[in-house]
Amino acid sequence: MCLIVPEKYETRLGVIETQQAIKDLKDFFENRLGEALKLTRVSSPLFVLPETGTNDNLNGVEKPVSFEVPHLKKDAEIVHSLAKWKRMALKKYGFQVGRGLYTDMNAIRKDEELDNLHSLYVDQWDWELIINKEDRTVNTLKEVVKSLYKVFKETEEHVHSIYPEVRCPLPKEIAFITSQELLDMYPDLTPKEREDAIVREKKAVFLMQIGKTLSTGEKHDGRSPDYDDWELNGDILFYNPILDNAIELSSMGIRVDEESLERQLKISNCEDRKELEYHKALLNGELPYTIGGGIGQSRICMYFLNKAHIGEVQVGIWPKEMIEECRLAGVHLL
């Protein structure tokens, strides 16, 4: 457990007012997200069968929560995210190029280390947009990020207009930097320290190329090899003035095509996945080319409402010592 307790912290919204603000903020952001990227809201699964290959393997070490389904005589897994499921859904539902979907994704990540930003429960908007293969470029990635950033800016203004006491001034534009460029800037810092350093300077950053091996022989952070193309992905990071560090609000990217999937599976020693349903369909050219990602719902509420702990905007379970330390510091965990 690594808890940060800001000095002289005082929440600017009470519990009931916070609940009202969460609803208003989420409704506004969701509507603008759909409009900005031409996305249709769809329903999504809470659990999947592992043999479909549609669960997200995250960094490859986290184990999903699973349970037996007696009627099927099989085990099902609670989703980690819907990165792969969305791509199959786009084909199944008949979406065309330039259109996409988004959904409310709820997950349990039992291996998370609990702190100000991480809980066992994950709630995010998962979204996916169909593109042409020739549009699998850095320019496409940046343009979509800029569209998303505009939604964040509009949300900031909307929240501030209703609750003037809360404010997280974002810069006019978001900065772009690769993980290798960030390493070159701060060679003596850890990956997390590098993120904190760059957001203190830029305030809003899209950190690109997550998952690929850097000049040190290490990765900035892990990424499953079978959804994002490691050359064409990234994280949206904002400066969190309450905690004086980086808060990741979105992980996204242009998804793997046949060639990048083959390459990344080989690098990761995961070529056995090619026998799973999702991977077979992708390698056979049966799935659309897409860009997509996830946007943390509780995290954007935490950020825009100036909260110090994610437990102030979502109900969770926490260690007793964390609960007590937060109570003494005026941090009200729901």
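Residues numbered from 1 in each chain as written. Predicted model: local features only at pLDDT ≥ 70, side-chain atom pairs only at ≥ 80, totals over all residues. Heavy atoms only, no water.

If you check an unreviewed UniProt entry, the chain appears there as Aspartate--ammonia ligase from Romboutsia faecis. In its Pathway (unreviewed entry) section, UniProt records this for the chain: "Amino-acid biosynthesis; L-asparagine biosynthesis; L-asparagine from L-aspartate (ammonia route): step 1/1." (UniProt positions renumbered as here; feature names shortened; annotations may be inferred.)

(A) Molecular detail of the overall build of the chain. Helix and strand counts for the chain stand at nine helices and eleven strands. Its C-alpha atoms give the chain a radius of gyration of 20 Å, within 12% of the compact-globule value 20 Å for 334 residues. Expressed along its principal axes, the backbone C-alpha trace of the chain runs to roughly 55 × 50 × 40 Å. Each of the 334 residues in the chain was classed as buried or not, and the buried ones make up 52%. When contacts within the chain are restricted to residue pairs at least 6 apart in sequence, those whose partners lie at least 24 apart make up 73%. Of the roughly 15300 Å² of accessible surface on the chain, 51% is carried by carbon and sulfur atoms. Measuring between centres, the 44 positive side-chain charges of the chain sit 3 Å from its 58 negative side-chain charges. (Helix = DSSP H or I, 4+ residues; strand = E, 2+ residues; numbered from the N terminus. Rg over C-alpha atoms; globule rule 2.2 N^0.38 Å. Buried < 20%, exposed > 50% of the residue type's maximum accessible area, 1.4 Å probe, protein only. Contact = heavy atoms within 4.5 Å. Areas by Shrake-Rupley, 256 points an atom, 1.4 Å probe, with all protein chains shown as cover. Lys, Arg positive; Asp, Glu negative; His and termini not counted. Charge placed at Lys NZ, Arg CZ, Asp CG, Glu CD.)

(B) Spotlight on the nonpolar core. By size, the foremost hydrophobic cluster in this structure holds 60 residues, and its most contacted members are W127, F152, F238, M252, I291, I295 and I300. In terms of residue count, the dominant contributor to this core is helix α3 (residues 138–162) (eight residues). One finds L90, L101, M105 and A107 within the second-largest nonpolar core, a separate group that totals 13 residues. (Core = buried A, V, L, I, M, F, W, Y, C linked by side-chain atoms within 4.5 Å.)

(C) Structural context of helix α6 (residues 258–267). Taken together, the buried positions of α6 are occupied by E258, S260, L261, Q264 and L265. Buried residues of α6, viewed axially, fall in a sector of 165 degrees; they line one side. In α6, the exposed positions angled more than 90 degrees off the buried face are occupied by K266 and I267. Packing partners of the buried residues in α6 comprise β9 (228–240) and α7 (277–283). At the N-terminal boundary of α6, the capping side chain belongs to D257, with an oxygen 3.3 Å from the backbone nitrogen of E259. Following α6 by one or two positions, N269 adopts a phi angle in the positive range, close to 55 degrees. (Arc of directions from axis to C-beta. Polar contact = N/O pair within 3.5 Å; in protein donor to acceptor, adjacent residues only side chain to side chain.)

(D) Structural detail: unusual backbone geometry. The backbone phi angle of K203 is positive, close to 75 degrees, even though this residue is not glycine. One can find K203 in the loop between α5 (191–202) and β8 (204–208). Judged by relative accessible area, K203 falls into the partly exposed class, the value being 31%. Its identity as a non-glycine residue notwithstanding, N306 has a phi of 60 degrees, on the positive side.

(E) Seen up close, the environment of D126. Tracing the sequence through the fold places D126 in strand β6 (residues 121–130). Sequence spacing of D126 and S44 is 82 residues, and the spatial spacing of their C-alpha atoms is 9.5 Å. Discounting residues that sit within four places of it in the chain, D126 has contacts with S81, L82, K86, L101, Y102, T103, M105, G293 and G294. Looking at D126, its side chain comes within polar contact range of the main-chain nitrogen of L82, at 3.2 Å. Within the structure, the side chain of D126 is placed 3.3 Å from the side chain of Q124, a separation counted as a polar contact.

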